[in-house]
Amino acid sequence: MTGGEVAGILVAVFWAILVSFLAVVLGRLAQTLRATTRLVAEVTEQAVPLLADASATVRSAQTQLDRVDAIASDVQEVTANASALSTTVASTFGGPLVKVAAFGYGVRKALGTGRRTVIVGRTVPVARRRKQKGR
């Protein structure tokens, strides 16, 4: 055997190993692609119902938001009405109530309680009141 024949045999063996390696790689790649195709099909089957449920949920949330918006506008209207009523009551009864309170105060002062004096929510006996006046 000559050196060229040995080189040819080595090249042939190298090519055989390379082709075998590529065949194994391509086989595994084919398995991976089949598994990926199966996975995508399963995800698609599950995603379609999930998207339908999500769409229904969004529609339901929109309906609820519309209801809340209607309630908020009603509350705003009630608040405006209560404010107007409060203003009306204050302007209608405020003046007369102040006059009645002033009249009651005047009557109490005129009749005189004599025994007690009220200082900021406390009742002070007469003896202490005289001491305070003497200061």
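Residues numbered from 1 in each chain as written. Predicted model: local features only at pLDDT ≥ 70, side-chain atom pairs only at ≥ 80, totals over all residues. Heavy atoms only, no water.

Participant: Help me understand the overall build of the protein, please; the structure alone is not making it clear to me.
Facilitator: For the protein, the count of helices and strands is two helices and two strands. When the helices and strands of the protein are read in sequence order from the N terminus, they spell out α-β-β-α. Classification of the 135 residues of the protein by burial places 2% in the buried group. Accessible surface for the protein amounts to roughly 11,900 Å². Of this, 67% is attributable to carbon and sulfur atoms. (Helix = DSSP H or I, 4+ residues; strand = E, 2+ residues; numbered from the N terminus. Buried < 20%, exposed > 50% of the residue type's maximum accessible area, 1.4 Å probe, protein only. Areas by Shrake-Rupley, 256 points an atom, 1.4 Å probe, with all protein chains shown as cover.)

Participant: Which parts of the structure should I look at to understand helix α1 (residues 3-111)?
Facilitator: Residues separated by three or four positions in an α-helix point in the same direction, a consequence of the helix having 3.6 residues per turn. Maximal helix bending in α1 amounts to about 40°, located at Phe93; proline Pro96 follows within four positions. Phi for Gly112, located one or two positions after α1, is positive at around 70°. (Bend = angle between axes of the 7 residues up to and from the residue.)

Participant: Even after reading the chapter, I still don't get the packing of aromatic side chains, so can you show me in this structure?
Facilitator: For any two aromatic rings, the description comes down to two numbers: the centre-to-centre distance and the angle of the planes. Per the counting criterion, the structure on display carries one aromatic pair. Ring centres of Phe14 and Trp15 lie 6.2 Å apart, and the angle between their planes is 70°; this geometry places the pair in the edge-to-face category. Classification of Phe14 as exposed rests on a relative accessible area of 52%. (Phe/Tyr/Trp six-rings, centres within 6.5 Å; stacked < 30°, edge-to-face > 60°.)

Participant: Honestly, a nonpolar patch on the surface in this entry has me stumped. Any pointers?
Facilitator: A contiguous nonpolar patch, built from Met1, Val6, Ile9, Leu10, Val13 and Ile17 and spanning about 620 Å² of accessible area, is present on the exposed surface. Along the polypeptide, Leu10 turns up in helix α1. (Patch = residues over 30% accessible without salt bridge, like charges linked within 9 Å, V, L, I, M, F, W, Y side chains within 5 Å. Salt bridge = Lys/Arg side-chain N within 4 Å of Asp/Glu carboxyl O.)

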